[in-house]
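# Secondary and tertiary structure notes
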Amino acid sequence: MTAGVKAIFVNLPVKDLTKSMDFFKALGFKFNEQFTDNNGASMIVADSILVMLLTEEFFTSFTHLGITNTSKENEVILALQVESKDAVDKLVNTAIENGAEDRTTALSEEEEAMMFCRRFKDLDGHLWEIMYMDMNAMDI
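Analysis parameters
- Residues numbered from 1 in each chain as written.
- Predicted model: local features only at pLDDT ≥ 70, side-chain atom pairs only at ≥ 80, totals over all residues.
- Heavy atoms only, no water.
- Buried < 20%, exposed > 50% of the residue type's maximum accessible area, 1.4 Å probe, protein only.
- Helix = DSSP H or I, 4+ residues; strand = E, 2+ residues; numbered from the N terminus.
- Pairing = 2+ DSSP bridges.
- Phe/Tyr/Trp six-rings, centres within 6.5 Å; stacked < 30°, edge-to-face > 60°.

## Re the pairing of strand E5 (residues 77–81)
Side chains of E5 alternate between two faces, with Leu78 and Leu80 buried and Ile77, Ala79 and Gln81 left unburied. Across 5 bridges, the pairing between E5 and strand E8 (residues 127–133) is parallel. Note that in E8 the partner of isoleucine 77 across the bridge is leucine 127.

See below:
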């Protein structure tokens, strides 16, 4: 770890907190109830990786800028590494079954040799990339 960082909290604006929580619960994510209320929910991605789903009104109280129109632009790509190709497919297929939009794009031959990934846009248009990396296939 560098600079003494212990965790990352990614803050994402959502239109409907309950629907967003239900969507991510369907994907298998859990929430820290201690940091969940009507304004936001703390989604546990890993021990030191949390995504704060914040109502748009609450999100805007933290910034002087507007919220990205995700139907026209991407503000970020949230990339998560999982343990297998099957895990990629399971998570992305579940997301699509629960209302996400499939946004998978083709990889270059070089990328395909070492990784398998798919993308989806969640209910609020945030772009998620789920990937499996075969470390044995990498030229390091």
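Continuing now.
## Brief notes about the packing of aromatic side chains
Using the criterion set out here, one finds 6 aromatic pairs in the structure. When the ring of phenylalanine 58 is compared with that of phenylalanine 62, the centres are 5.0 Å apart and the planes differ by 80°; the resulting orientation is edge-to-face. Relative accessible area serves as the criterion here: at 57%, phenylalanine 62 is assigned to the exposed category. Ring plane angle 10° and centroid distance 6.4 Å describe the contact between phenylalanine 120 and tryptophan 128, whose orientation is recorded as stacked. A relative accessible area of 1% places phenylalanine 120 in the buried class. You can call tryptophan 128 buried: its relative accessible area is 1%. Through a chain of ring-to-ring contacts, three or more aromatic side chains come together here, namely Phe23, Phe24, Phe29, Phe120 and Trp128.

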